Amino acid sequence: MYLLASLVLGAGVSITYASHDQQVPVFFNNPTHSDAAGFKHDPAKWTVFNSSIERVAVIGAGPAGLQAAAALIEHNFTVRLFDRAPGPGGNWLYSEEIPVRESYPDESIDAERWVPDSLPATIFYKEGDDNLSLDERWREHWQPRSVWNSLVTNSPTVITGLKDVPYPPDQPWVVDTHTISAHVRAYASIKKLNANDNSSVHQYSTRVEDMQKNGSSWTLTLRHMKRLEEPDRLKVTYRTEDFDAVVVATGPENFASPHVPEIDGLLQWSKARSSDAPSGYSVYHSRVYRRPEQYAGKTVLVVGVSASASEISRDLAPYAKKLYASHKAYDWDKLHWFQRRCFRRFPPENEFIPQIEKFEPLETLSDGIRNGYIKLMNGTILTGVDEIILATGYMRYNPWLYKALRDVPGNPPQDLKPPLTDIFGRRTFKNVHWTGNYIPDPTLALAIHDPWHNAKWQSYGYAKVWKGTARIPNEPELWRQYNSSRWNNFRGNVGTSPALAIERQYVTWLNNESLELGGKLVAPWPVADREKFAYFANLEWDEDYITAEDYAYFDELPAKDWPKCDGSKERGCTTWGEDWMN
């Protein structure tokens, strides 16, 4: 039997909670704690909020944001859910629309968005205003996602799903973009959070332009856009709303600005037009890719060897005349397992070529790039390329969030110096407790864990902390935990030691608090689901990625020993690092 969580009840009394396939909600309400104000709100031990929390904003309606909104509603908060897109889905909201043209070179990340001086304000736009079409203005506002028509997940359904909307029993291991988009919309509908639900909770096509802390409230400046049929215009409304707490669950927003590499000559090549290219240009970022039929008979160069690069190459290979993939020099033995998988996923039709040194000057910008010359690092000259897809990733870009974090009183200034990307530590945020609460001001919470597998626990945690049925330590202890390897080793791929650690941490913490202060108990990941995941990961990701013995080992590993899992591929210590992403 696996030991999945130990729950501490009172002084020295413990309950062992074990679960295999069953995950039955258990409710525990202790009325004596309603009178235990001194224990519950002792500022010597716990974070105490200066005012009651009633109104909560959730920014982002992807899997993490929807679960956060649902948990907060269940705890009787007044919730407002905002997303710049016209409906729920986050990264998985498929559209034939493509994002507006990316910037060459990279967009400046210190530019704040324009907001009228006096609010509220309403502006009507017609075709051609400021030399922009209505279509361009609309797409810039909501930012169509970077998923394409035939995309499938690289993860199995057992870790890529939302509770309350199980996949059909005959669902294949991996999920295509349309199925997963429908899955997320179904969850939104069950929670009455879909775009067509008559609800005061959600507002789609609404973008956050600014966020400031004013006294005890957070003030959001919002931009809502609506298409008007008669006449053909866009209506843009600016306004502000105040909230007691905010959940930021904007996964796409954190990587909103596509990165283009700094290669000699690329700036000129980026201006070359092509009438039959998806974006109208011969060079463009991978987020524009939608359908492979557009590449029939073309010679295509993909720059980069990321997951997007390999999967787009697999998709268009049957149609393209010739396919290249350019990449930096790598030591295969030092690559992260996922990077090796990306290499292996390239189709046999693809030809790998060295990194690009220079794009030679083009004679004209009106006739594509086919007659241009590309110089590679090994001196080889490549020509005859019709289109170049830059699968080169994204910049961490969120000016309104950066500004809000920068301006919070008590924020350590040395951690927030420009450039803006300094607010992010690798793939996660700085100065954020493992619960997601921002340490200088815990009325701000950020979705920092896996949006599918762990978001249900994190969302429940937000709601309990702000409702008063769960506690987080006082600020000095929050900082101590943040700076301790015991408490900050919680980031990793599913099945690795950091991911297993955060699962144990959440289940134990949430259940301890529910037993003390009231609330439902939560169950850890069922053993049956673990076994399904292990089978898939070992088959599709990397040989011996995770075993049942690894799970059993880590279940019984004392928390004090979690940091000893330092990346070695030893039993229960499958962290393996994530440096390949940077």
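Our structure is the block above this text.
The notes below deal with the structure included here. (Residues numbered from 1 in each chain as written. Predicted model: local features only at pLDDT ≥ 70, side-chain atom pairs only at ≥ 80, totals over all residues. Heavy atoms only, no water.)

**Observations concerning the overall build of the chain**
Secondary structure assignment for the chain yields 15 helices and 25 strands. Per-residue burial over the chain gives 56% buried out of 582 residues. A sequence separation of at least 24 residues applies to 68% of the contacts in the chain between residues at least 6 apart. Roughly 25,500 Å² of accessible area belongs to the chain as shown, and the carbon and sulfur atoms make up 50% of that amount. (Helix = DSSP H or I, 4+ residues; strand = E, 2+ residues; numbered from the N terminus. Buried < 20%, exposed > 50% of the residue type's maximum accessible area, 1.4 Å probe, protein only. Contact = heavy atoms within 4.5 Å. Areas by Shrake-Rupley, 256 points an atom, 1.4 Å probe, with all protein chains shown as cover.)

**Considerations on a negative patch on the surface**
Taken together, the side chains of E127, E136, E229, E230 and D232 make up a negatively charged region of the molecular surface. Along the chain, E136 falls in helix α3 (residues 134-142). (Patch = residues over 30% accessible without salt bridge, like charges linked within 9 Å, V, L, I, M, F, W, Y side chains within 5 Å. Salt bridge = Lys/Arg side-chain N within 4 Å of Asp/Glu carboxyl O. Lys, Arg positive; Asp, Glu negative; His and termini not counted. Charge placed at Lys NZ, Arg CZ, Asp CG, Glu CD.)

**Concerning unusual backbone geometry**
The step from Y104 to P105 runs through a cis peptide bond, and the omega angle for that step is -5°. In this structure, P105 sits in the loop between β5 (78-82) and β6 (121-126). In this structure, N131 takes a positive phi of about 60° despite not being glycine. Turning to its location among the elements, N131 is positioned in the loop between β6 and α3. For N131, a relative accessible area of 74% corresponds to the exposed category.

**Focus on the nonpolar core**
Judged by nonpolar contacts, the single largest core of 93 residues is most densely connected at W466 and F533. Broken down by element, the residue count for this core peaks at 7 residues, all from helix α13 (residues 497-517). Those residues in contact with F533 that sit more than four places away from it in its chain are P156, V158, I159, V494, G495, W525, W541, Y545, I546 and Y551. The next biggest cluster of nonpolar side chains, apart from the first, holds 22 residues, and it includes I59, L222, L401 and L444. (Core = buried A, V, L, I, M, F, W, Y, C linked by side-chain atoms within 4.5 Å.)

**A look at the side chain of T219**
Looking at where T219 falls in the secondary structure, it is placed in strand β9 (residues 217-228). Looking at T219, its side chain comes within polar contact range of the side chain of N214, at 2.8 Å. Polar contacts involving the side chain of T219 include one to the side chain of D242, which spans 2.7 Å. Not counting residues up to four positions away in its chain, the partners in contact with T219 are D210, M211, Q212, N214, T240, E241 and D242. (Polar contact = N/O pair within 3.5 Å; in protein donor to acceptor, adjacent residues only side chain to side chain.)

**Structural notes on the pattern of salt bridges**
Under the counting rule described, the total for this entry stands at 28 salt bridges. Residue R113 pairs with E209 through a salt bridge whose shortest N-O separation is 3.4 Å. Within this pair, whereas R113 is found in the loop between β5 and β6, its partner E209 is found in strand β8 (residues 206-214), the two being separated by 96 residues in sequence. Of the residues examined, R113 reaches a relative accessible area of 21% and is grouped as partly exposed. Taking relative accessible area as the criterion, E209 reaches 6% and is therefore assigned buried. Ionic pairing is found between R530 and D555, a salt bridge with its closest N-O pair at 2.8 Å. With a gap of 25 residues between them, R530 in helix α14 (residues 527-541) and D555 in helix α15 (residues 548-555) connect regions that are remote in the sequence.

**Remarks on the sheet that holds strand β16 (residues 350-353)**
Sheets are built from strands that pair by backbone hydrogen bonding, the pairs being arranged parallel or antiparallel. With parallel pairing, 5 strands are arranged side by side in an open sheet as β13-β20-β14-β15-β16. Only two strands of the sheet have a single partner each, and these edge strands are β13 (283-285) and β16. When the angles between neighbouring strand axes are averaged without regard to direction, this sheet yields 25°. Two strands pair when backbone bridges link them, and strand β14 (residues 299-303) and strand β15 (residues 322-326) are joined in this way by 5 bridges, in the parallel orientation. Bridged to L301 within β15 is Y324. The strands that helix α7 (residues 307-316) touches are β14, β15 and β20 (387-390); relative to β14, the one it contacts most, it runs at about 165°. (Pairing = 2+ DSSP bridges. Axes fitted to C-alpha atoms, helices over the stretch in contact; angles between N-to-C directions.)

**Structural notes on the packing of aromatic side chains**
Any aromatic ring pair is given by two values, namely how distant the centres are and how the planes are angled relative to each other. Here the structure, examined in full by the defined rule, presents 24 aromatic pairs. Ring geometry for F536 against W541: centres 6.2 Å apart, planes inclined by 80°, an arrangement best described as edge-to-face. Each member of the pair, F536 as well as W541, carries the same accessibility label: buried. Look at W541 and Y545: their rings are 5.3 Å apart centre to centre, the planes differ by 85°, and that puts the pair in the edge-to-face class. Accessibility expressed as a relative area gives 6% for W541, which makes it buried. These aromatic residues form a ring-pair network of at least three members: W173, W337, F338, W525, F533, Y535, F536, W541 and Y545. The ring of Y295 has K298 lying over it, and the distance from NZ or CZ to the ring centre is 5.8 Å. (Phe/Tyr/Trp six-rings, centres within 6.5 Å; stacked < 30°, edge-to-face > 60°. Lys NZ or Arg CZ within 6 Å of the ring centre and 35° of its normal.)

**Structural notes on α15**
Taken together, the buried positions of α15 are occupied by D550, Y551, F554 and D555. Within α15, the buried residues cover an arc of 130° as seen down the axis, which keeps them to one side. At its buried positions, α15 is contacted by α13 and α14. (Arc of directions from axis to C-beta.)

**Points about the pairing of strand β4 (residues 55-59)**
Within β4, 4 of the 5 residues are buried, leaving the element largely enclosed by the surrounding structure. Relative to β5, β4 is paired through 5 bridges, and the arrangement is parallel. Residue pairing for β5: A57 is matched across the bridge by R80. For the segment spanning β4, helix α2 (residues 63-74) and β5, crossover handedness is right-handed. (Right-handed = clockwise from strand over helix to strand, strands pointing away.)

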